[in-house]
Amino acid sequence: MRKEKHHKGWNEIKTNDSWAIFKIMSEFVNGYEKLSRIGPCVSIFGSARTKPDHKYYKLAESIAQKIVEAGYGVITGGGPGIMEAGNKGAHLAGGTSVGLNIELPFEQHDNPYIDSDKSLDFDYFFVRKVMFVKYSQGFVVMPGGFGTLDELFEAITLIQTKKIAMFPIILVGTDFWGGLVDWIKKTLLEANNNISEGDLDLVKVVDTEDEVVEILNSFYKKFNLSPNF
């Protein structure tokens, strides 16, 4: 837990909060202005700790290449690990490669595969999350930690509550995600009735890059849309 140099009084807290509003607004404005010009993109999420020689790093890179070949760009969190793999695959395939970086005390640093004019830095997680949801035509969720789960369940909740339009949410890695999906079905749905049966259809679990692209293309074909919409 972060230690403050001194105990802030209520007036100081209110003043700091008031000035923070301008910083928050600037991040929204900058994000909207830059991302509104990127075209249709798919976000790839996953652990910052995944090494380049790991199978999921290599798979994320291949998925990004396939996504670009299908006509989409790629958005990641801009850091190392799976994020780097996603940007690398998009970059090597000659496609749009976007990085939404966040300042963190560890793990996070820009990867070198982001387009120079499409690298954005954020101080606030919630602003960054808005950008992912607003400017993505789909979420590809690779194995990751708490941050990856946060993005996943945020998207599911927004779609479930109809706060945003539906888009594909694809979990990659049956071995990794299978236990979580089983728990959701058995504990949340069957044992406690905390979700609806139809909510299970909001996510798809796959193992290959071809399955990812097939789901994306099938979804937008169903709604008579294409990557250049």
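This one's a predicted model, so the numbers in the text were calculated from it and none came from an experiment. (Residues numbered from 1 in each chain as written. Predicted model: local features only at pLDDT ≥ 70, side-chain atom pairs only at ≥ 80, totals over all residues. Heavy atoms only, no water.)

Asker: I'm lost on the pairing of strand β2 (residues 73-76) in this one. Help?
Answerer: Remark: a regular strand shows side chains that alternate across the two faces of the sheet. Covered by surrounding structure in β2 are G73 and I75 together with V74 and T76, the residues of both alternating faces. Remark: the strand β1 (residues 41-45)/helix α2 (residues 55-69)/β2 crossover connection has right-handed handedness. Pairing of β2 with strand β3 (residues 97-102), which is carried by three bridges, proceeds in the parallel orientation. Among the inter-strand pairings, T76 is bridged to a residue of β3, identified as G99. (Buried < 20%, exposed > 50% of the residue type's maximum accessible area, 1.4 Å probe, protein only. Helix = DSSP H or I, 4+ residues; strand = E, 2+ residues; numbered from the N terminus. Right-handed = clockwise from strand over helix to strand, strands pointing away. Pairing = 2+ DSSP bridges.)

Asker: Just to check I follow, could you spell out a nonpolar patch on the surface for this structure?
Answerer: A grouping of W19, I21, F22 and M25 is seen on the molecular surface, where their side chains present a nonpolar patch of about 490 Å² in accessible area. Residue placement: M25 occurs in helix α1 (residues 10-35). We classify M25 as partly exposed; its relative accessible area is 46%. (Patch = residues over 30% accessible without salt bridge, like charges linked within 9 Å, V, L, I, M, F, W, Y side chains within 5 Å. Areas by Shrake-Rupley, 256 points an atom, 1.4 Å probe, with all protein chains shown as cover. Salt bridge = Lys/Arg side-chain N within 4 Å of Asp/Glu carboxyl O.)

Asker: Would you explain the pattern of salt bridges in this entry?
Answerer: In a structure, side chains of opposite charge can pair up when their charged atoms sit close to one another. Summed over all chains, the structure comprises eight salt bridges. Notably, a salt bridge pairs D115 with K118, separated by 3.7 Å at the nearest N-O pair. With relative accessibility at 18%, the residue K118 sits in the buried group. With a closest N to O distance of 3.1 Å, K129 and E154 form a salt bridge. A residue pair is termed long-range when its members are at least 10 positions apart, and K129 in helix α4 (residues 125-134) and E154 in helix α5 (residues 146-160) qualify at 25 residues. We classify E154 as partly exposed; its relative accessible area is 27%. Linked through salt bridges whose partners overlap, the residues forming this network are K23, E27 and D123.

Asker: Help me understand the packing of aromatic side chains, please; the structure alone is not making it clear to me.
Answerer: Here a ring pair, both rings aromatic, is described through the centre-centre distance and the interplanar angle of the planes. In this structure the tally under the stated criterion is 11 aromatic pairs. Taken together, a centroid distance of 5.7 Å and an interplanar angle of 55° make the contact between Y124 and F126 tilted. Residue Y124 is classed as partly exposed on the basis of its relative accessible area of 22%. The partly exposed category is assigned to F126, whose relative accessible area is 43%. Members of the aromatic cluster, joined through ring pairs, are F28, Y32, Y124, F126 and Y135. Over the aromatic face of Y32 sits the side chain of K134, whose NZ or CZ is 5.5 Å from the ring centroid. (Phe/Tyr/Trp six-rings, centres within 6.5 Å; stacked < 30°, edge-to-face > 60°. Lys NZ or Arg CZ within 6 Å of the ring centre and 35° of its normal.)

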